[in-house]
Structures are given as C-alpha cells and as structure tokens.
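Read off the chains here:
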Amino acid sequence: VENRGGAGGVIGAEAAAKSPADGYTIFFGTTGALASQPALQPKLPYDPIQSFAPIGALASAPVVVIVNSSMPVSTLKEFIEYARARPGKINYGSAGIGHFLHVAGEAFNVAADVKLFHVPYKGTSQIIADLFGERLDVMIDTIVAYTEHVRTGKLKALAVGNRTRLSRMPDIPTTAEAGLPGFEFASYFGLLAPAGTPGNIVRRLNTEVVKALGTPEINDAVAKMGWEPIPGTPAQYATLIADDSAKWRRIVSRIGIKLE
C-alpha cells in the first residue's frame, strides 16, 4: 500500500492514472479525487472518467445534520424553520474553503432554502470542540466522529442525507422522512484501475470485492466507520462516479467556488 496523500486526493489519483494498466495497480478512489477536485479545479493531470477503469464501489458515507445540545429544536423541520427565521446567524463549520463539508453545507442551504453561515477551520478537531462549546451551531458531516456523542445525548442528529437509514443508527430519520426529500449528500469510496486494464482482470477484481463486502467481518468494519456498503458491478460504479461528478459541478457552479 502506498499512501500518496495531498491536494484532496489529486496526487494519488495522478499516480494511479499514470501507472501501467496491467492489473497490479489498484486505486482507492474517493469523492475528493473523482468528483470534488475535478469540479473545483479547472485543470487536473487526469480525467476522473477517462483515466480509470472502475472496478467496484465499496461504500458510501452519507452526511448527517448534527446540532449542539442547546439548539432548541428536536427535528429537521424545526431546525429549518429556526434557521429561516435567523438568516446568516446560524453557523456551520468545515475544514476549509472548497472542502467536502463546505460544499455539503452549501448544498443544504440550497435544498432547505436557508442561509447558514460558513466558518472554515484549519482542520476538523476544533470543530467538534466548538460544537460542544456551543460556538458552532450545526455540522453537516458524516456520522463517524459524532456517533458516541449522539448516543449519549451530547449532540443531536436530526436526519441523514441518504435514501435509507444508517444501519448502525436506525433511529435517525432520512432527510426525506424528515421533510426535506431534495437533499441527499454523501462521500463515496471505491476501487479503480488505470484505464486500459484488461476487462477480465477488472471483472475478477470486482468478483472478489463483492465477495468481501458480503462477509460479516467487512460489513461490521464498514458500519463502525459510519459507512454503508454498496457492492455492485463496474458499470454501476462508473454511473455513480459520473452522477456524483455532475452533482458536484452543479453545486460548485451555483456556489461560485474555484480553487486555483
């Protein structure tokens, strides 16, 4: 395993895209490398669609609307009404301009017709501390860092931006169930090979991925991270990448964010 971190996943994606298409290089693809960075940066050293041969999706990490315990709301509908009455006065955090959490928050603003105020941080550790300290009102983030705090009542989870409820936290309603059907937002993970990798190799790798995702051990590990397994075919993963990329381009264009 080679950890090629940096630039929102761009460095690792470039390395994988330029590797031999012989089946011996497999890329762990993320929303950052395949959707958000292509939407935010006009020029990248790879194409998220043309440079890779999708092997199969692994999991999705849908966002959850989480508020601090002092927020006088108990449902998503109540929160939206509360925020609409206070435009620009309810704040949410992210790990920086253009970060996944920033775009998730702005997507929520559009879907819910509210004006939450964005507070960019240098990282995510201070975000939870400020949420506890009531200096931050709401987070629209994946559940993994907040699970125990929600279970103990220190934070309140109002809805999950997914078509189905979380398997590990089924008490949290979906946004559609909570009255906001137009908001679904998640980070996706999957495996890809360099474009041109022989089809028989891609199919064999996909078979093994689907088999692994069907085991209790892997399902349990994925669920503990707040992810939802989404096994499928290479074609289904290709469609997911294309749809997610289009969604990010629409949102980023609407917000007007661009990274140089």
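Residues numbered from 1 in each chain as written. Predicted model: local features only at pLDDT ≥ 70, side-chain atom pairs only at ≥ 80, totals over all residues. Heavy atoms only, no water.

Engineer: I keep staring at the pattern of salt bridges and nothing clicks. Help me out?
Structural biologist: For side chains of opposite charge, pairing can occur when their charged atoms come near one another. Considering all chains together, one arrives at 10 salt bridges under this definition. For Lys 18, the salt bridge is made with Glu 14, and the minimal N-O distance between the two is 2.6 Å. Its relative accessible area of 26% is what places Glu 14 among the partly exposed residues. One salt-bridge network, held together by shared partners, links Arg 168, Asp 220 and Lys 224. (Salt bridge = Lys/Arg side-chain N within 4 Å of Asp/Glu carboxyl O. Buried < 20%, exposed > 50% of the residue type's maximum accessible area, 1.4 Å probe, protein only.)

Engineer: Sorry, what's going on with the side chain of Ser 94 here?
Structural biologist: Its place among the elements puts Ser 94 in strand β3 (residues 91-94). A distance of 3.1 Å separates a polar atom in the side chain of Ser 94 from the backbone nitrogen of Gly 96. For Ser 94, the side chain forms a polar contact with the side chain of His 118, separated by 2.6 Å. Ser 94 has contacts with Leu 101, His 102, His 118, Val 119, Pro 120, Tyr 121 and Ile 127, leaving out every residue within four places of it along the chain. (Helix = DSSP H or I, 4+ residues; strand = E, 2+ residues; numbered from the N terminus. Polar contact = N/O pair within 3.5 Å; in protein donor to acceptor, adjacent residues only side chain to side chain. Contact = heavy atoms within 4.5 Å.)

Engineer: Would you explain empty space enclosed by the protein in this entry?
Structural biologist: Where empty space is left becomes clear once a probe the size of a water molecule has been rolled over the atoms. If you walk through the whole model with that rule in mind, you get 1 cavity of 30 Å³ or more. The space that makes up the largest cavity amounts to roughly 60 Å³. If you go around the largest cavity, the residues you meet are Thr 30, Thr 31, Leu 34, Ala 35, Tyr 188, Tyr 237, Leu 240, Ile 241, Asp 244 and Ser 245. Where the lining of the largest cavity is concerned, the elements lending two or more residues are α2 (31-40) and α9 (234-255). In terms of residues, the lining of the largest cavity owes the most to one element, α9, which gives 5 residues. Looking at the lining of the largest cavity, its residues break down into 6 nonpolar, 3 polar and 1 charged. (1 Å grid on protein atoms, 1.4 Å probe; cavity = no way out; pocket = protein on both sides within 12 Å on 5 of 7 lines; lining within 4 Å. Points joined across faces, edges and corners; volume = space filled by probe spheres on them. Nonpolar A, V, L, I, M, F, W, Y, C, P; charged D, E, K, R; others polar.)

Engineer: Teacher, can you tell me more about the packing of aromatic side chains here?
Structural biologist: One pair of aromatic rings is described through two measures. These are the centre distance and the angle between the planes. Under the definition given, this model contains 10 aromatic pairs. Pairing Tyr 46 with Phe 52 gives two aromatic rings, centres 5.9 Å apart and planes at 65°, and the pair type is edge-to-face. Accessibility expressed as a relative area gives 7% for Tyr 46, which makes it buried. Relative to Phe 183, the ring of Phe 108 lies with its centre 5.4 Å away and its plane at 85°, an arrangement referred to as edge-to-face. In this pair, Phe 108 sits in helix α4 (residues 100-112) while Phe 183 sits in the loop between β6 (155-160) and β7 (186-194), placing the two residues 75 residues apart along the sequence. The rings of Phe 79, Phe 100, Phe 108, Phe 183, Phe 185 and Trp 248 are connected pair by pair, giving a single aromatic cluster. Above the ring of Tyr 82, the side-chain terminus of Arg 86 is found at 3.7 Å from the ring centroid. (Phe/Tyr/Trp six-rings, centres within 6.5 Å; stacked < 30°, edge-to-face > 60°. Lys NZ or Arg CZ within 6 Å of the ring centre and 35° of its normal.)

Engineer: Explanation requested: α4 in the structure shown.
Structural biologist: Residues that lie three or four places apart on an α-helix share one face, since the helix turns once every 3.6 residues. Across its 13 residues, α4 extends 18 Å between first and last C-alpha, which sits within 8% of the 18 Å expected from 1.5 Å per residue. The buried count for α4 comes to 11 of 13 residues, which makes it a mostly enclosed element. Listing the buried residues of α4 in full gives Phe 100, Leu 101, His 102, Val 103, Ala 104, Gly 105, Glu 106, Ala 107, Phe 108, Asn 109 and Ala 112. At the exit of α4 stands Asp 113, carrying a positive phi of roughly 60°. (Expected span 1.5 Å × (residues − 1).)

Engineer: I tried to follow the nonpolar core on my own but got confused; where do I start?
Structural biologist: When a protein is soluble and globular, its nonpolar side chains tend to lie buried together. By size, the foremost hydrophobic cluster in this structure holds 52 residues, and its most contacted members are Phe 79, Phe 108, Leu 116, Tyr 146 and Phe 185. Elements with a contribution of two residues or more to this core: α2, β2 (52-68), α3 (76-84), α4, α5 (125-132), β5 (138-142), β6 and α9. Beyond its immediate stretch of four places on either side in the chain, Phe 185 contacts Pro 62, Val 63, Phe 100, Val 103, Ala 104, Ala 107, Gly 161, Lys 247, Trp 248 and Ile 251. In this structure, Leu 34, Tyr 46, Phe 52 and Ala 57 belong to the second largest nonpolar core, which totals 12 residues. (Core = buried A, V, L, I, M, F, W, Y, C linked by side-chain atoms within 4.5 Å.)

Engineer: It is not clear to me how the environment of Val 10 should be interpreted in this structure. Could you clarify?
Structural biologist: As for its position among the elements, Val 10 is in helix α1 (residues 10-17). Take Val 10: its relative accessible area is 8%, and that puts it in the buried class. Between the C-alpha atom of Val 10 and that of Gly 88, which follows or precedes it by 78 residues, the distance is 33 Å. Apart from the residues lying within four places of it in its own chain, the contact partners of Val 10 are Gln 37, Gln 41, Leu 44, Pro 45 and Tyr 46.

Engineer: Would you explain unusual backbone geometry in this entry?
Structural biologist: Note on backbone geometry: most residues besides glycine have negative phi, and most peptide bonds are trans. Even without being glycine, Asp 113 reaches a positive phi, approximately 60°. Checked against the element boundaries, Asp 113 lands in the loop between α4 and β4 (117-120). Phi at Glu 134 is positive, roughly 65°, even though this residue is not glycine. Tracing the sequence through the fold places Glu 134 in the loop between α5 and β5.

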